[in-house]
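Single-letter residue listing:
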Amino acid sequence: MKILFFTGKGGVGKSTISAASAWQLYRKYRVLIVSLDPAHNLGDVFGVVLNHKKQRFTDSLYLKEVNLQKLCREYLQREISVLTHSYRYLQTINLDTYFSVLKYSPGIEEYALLTSIEETLRSERDFDYIVFDTPPTGLTLRFLALPWITITWIDRLIKIRRDILEKRHTIYRIRGILDDTETILSYDENDDDILKRLKTLKGNYQALSSVIQGKDCGIVLVYNPDTLSLKESKRLVDGLRELKLPLRLLINNKIQKKYQTMADHVDSVMQSFAPAVPIQRVAFSEGLLDGQNSSLYNIEETILSPFEMK
Amino acid sequence: MERDMILSMVQWVRRIFADFDAAHREKATALTVMEMEELENIFALLLLGSFAGIPSPPTFLAVELLPYMERELQILSKRAKDSNDMLAEMFGTIGIE
């Protein structure tokens with residue numbers, strides 16, 4: 001199974017290009033295309049209404065729009081149920097009102113995105129290709145960085161937790177239990193809920209991180225032949241390199257004949273940022289302008305030819 | 001009668017020794033207990049630091065662990081309450097009256 005992430009500045013044509021790629025791939029492979037962008041237009045591109053559920057478009061092409069709000073809500077709901085389970089006395093208080101604030105806290109959205117990617121990768125094993133259409137640069141880089149940041153934090157927390165457990169063990173050994181009313185604090189690594197949870201989380205993130213850094217995953221960077229898009233693309237290339245994520249293909253989209261020199265210039269600069277990454281050019285399509293979705297299927301270039309399955 | 005008295009005496013002495021033992025064990029661990037509570041306090045602070053303006057891990061990590069953090073939270077709030085008399089707290093633990 002190959003996993004592709006289409007990234008780029010807002011408006012460069014990520015959704016169109018990812019949809020066109022999926023359209024070109026489906027004739028040979030089983031393809032699932034997932035839109036992670038909160039401003040969904042995957043349905044618009046294919047001219048169908050998607051209700052946040054996986055939907056069959058043809059026998060080997062499935063579409064899915066991820067509902068971020070719903071994901072956040074579900075995630076918090078799950079946490080609340082665990083919370084009320086462990087803090088019994090809280091059951092009388094209506095926690096929902098308190099937690100409804102949490103969905104505005106920074107990070108929850110990225111987390112929900114990451115969770116949905118993880119879930120998709122875990123459950124959709126029947127496809128040859130999974131194509132992700134991502135939100136604009138900022139959010140994308142943040143959620144792609146998340147596994148790494150989280151693992152760093154988890155490592156620190158595990159270390160402190162181990163110290164605590166060691167101290168508890170020492171205390172238990174010296175002091176024992178003085179009377180029956182005393183509760184024993186868990187001192188064994190396998191008894192401590194927090195450490196157990198931390199370890200599980202670390203395992204999950206390591207697995208995810210190794211998948212998105214692996215050889216079957218590729219980031220496709222879409223840009224336009226203009227300076228603004230060039231600058232932002234450079235930031236994305238740098239960000240991806242820092243996160244050790246594999247950039248596999250550059251797509252210069254919306255090239256017009258009259259701006260050919262600009263396109264050449266942008267391509268040469270991009271190539272210097274990311275040497276040895278193939279560049280694919282896609283011409284500006286007049287047909288797409290007036291919203292005839294059928295034109296999408298007529299993109300002449302074979303977009304993913306450098307990334308086809310071997 | 002005399003035998004009973006001796007028995008109760010022995011029990012009494014035993015109790016004294018047991019209490020001595022417990023007291024000494026308690027004293028021996030006092031510092032470690034403080035250290036542990038301090039660590040637990042730090043753990044909670046690290047996770048929930050955003051409330052106090054400390055850079056914190058991704059929010060969801062805090063949310064994820066929150067269900068198991070009852071004890072740490074209690075220590076955290078106890079610390080916050082005693083924080084205006086930290087010196088007394090410290091002296092108390094070390095045993096300077």
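These numbers come from a predicted model, not from an experiment.

The next point concerns the overall build of chain A. Tallying secondary structure elements over chain A gives 10 helices and 8 strands in all. Look at the contacts in chain A between residues 6 or more apart in sequence, and 75% of them connect residues 24 or more apart.

This part is about helix H1 (residues 14–25) of chain A. Residues and elements named next belong to chain A. Compared with an ideal rise of 1.5 Å per residue, which puts 12 residues at 16 Å, H1 spans 16 Å between its outermost C-alpha atoms and is within 8% of the ideal. The buried fraction of H1 amounts to 11 of the 12 residues, a majority that puts the element mostly inside the structure. Taken as a whole, H1 has its buried residues at Lys14, Ser15, Thr16, Ile17, Ser18, Ala19, Ala20, Ser21, Ala22, Trp23 and Leu25.

Residues and elements named next belong to chain A. As for its placement among the helices and strands, serine 229 is situated in helix H8 (residues 227–242). In the structure, serine 229 is positioned 217 residues away from valine 12 in sequence and 7.8 Å away in space, judged by C-alpha atoms. Serine 229 has contacts with Lys9, Val12, Tyr223 and Asn224, leaving out every residue within four places of it along the chain.

A few words on the packing of H8(A) against helix H9 (residues 260–273) of chain A. Residues and elements named next belong to chain A. Their axes nearest at 10 Å, the elements H8 and H9 cross at an angle of 15°. In terms of orientation, H8 and H9 fall into the roughly parallel class. Viewed along their axes, H8 and H9 form a crossing whose handedness is right-handed. In contact with Leu230, Ser233, Lys234 and Val237 of H8, H9 contributes Val266, Val269, Met270 and Phe273. Of the residues contributing to the contact of H8 with H9, the split by class is 6 nonpolar, 1 polar and 1 charged.

Let us now look at the nonpolar core. All names here are of chain A. Within the largest apolar cluster, 85 residues are counted, with the highest numbers of intra-cluster contacts made by Ala22, Val31, Ile33, Val131, Phe132 and Val220. Top contributing element to this core by residue count: helix H6 (residues 137–175), with 10 residues. Beyond its immediate sequence surroundings of up to four residues, isoleucine 33 is in contact with Ser18, Ala19, Ala22, Leu42, Leu63, Val131 and Asp133.

Note on interface size: it is often stated as the accessible area lost on association of the parts. Taken together, the 32 residues of chain A in the interface contact 26 residues of chain B. Residue assignment for the side of chain A that touches chain B shows that the elements contributing at least two residues are helix H3 (68–86), helix H5 (108–123), H6 and helix H7 (193–212) of chain A. When the residues that make up the side of chain A that touches chain B are grouped by side-chain class, the tally is 18 nonpolar, 6 polar and 8 charged.

Calculation rules
Residues numbered from 1 in each chain as written. Chains lettered and ligands numbered in written order. Predicted model: local features only at pLDDT ≥ 70, side-chain atom pairs only at ≥ 80, totals over all residues. Helix = DSSP H or I, 4+ residues; strand = E, 2+ residues; numbered from the N terminus. Contact = placed C-beta atoms within 7 Å. Expected span 1.5 Å × (residues − 1). Buried ≥ 20, exposed ≤ 12 C-beta atoms within 10 Å, placed from the backbone. Axes fitted to C-alpha atoms, helices over the stretch in contact; angles between N-to-C directions. Parallel < 35°, antiparallel > 145°, perpendicular 65-115°, else oblique. Left-handed = near helix turned anticlockwise from the far one by under 90°. Nonpolar A, V, L, I, M, F, W, Y, C, P; charged D, E, K, R; others polar. Core = buried A, V, L, I, M, F, W, Y, C linked by C-beta atoms within 7 Å.

In short, the description is geometric, and any link to function would need to be established separately.
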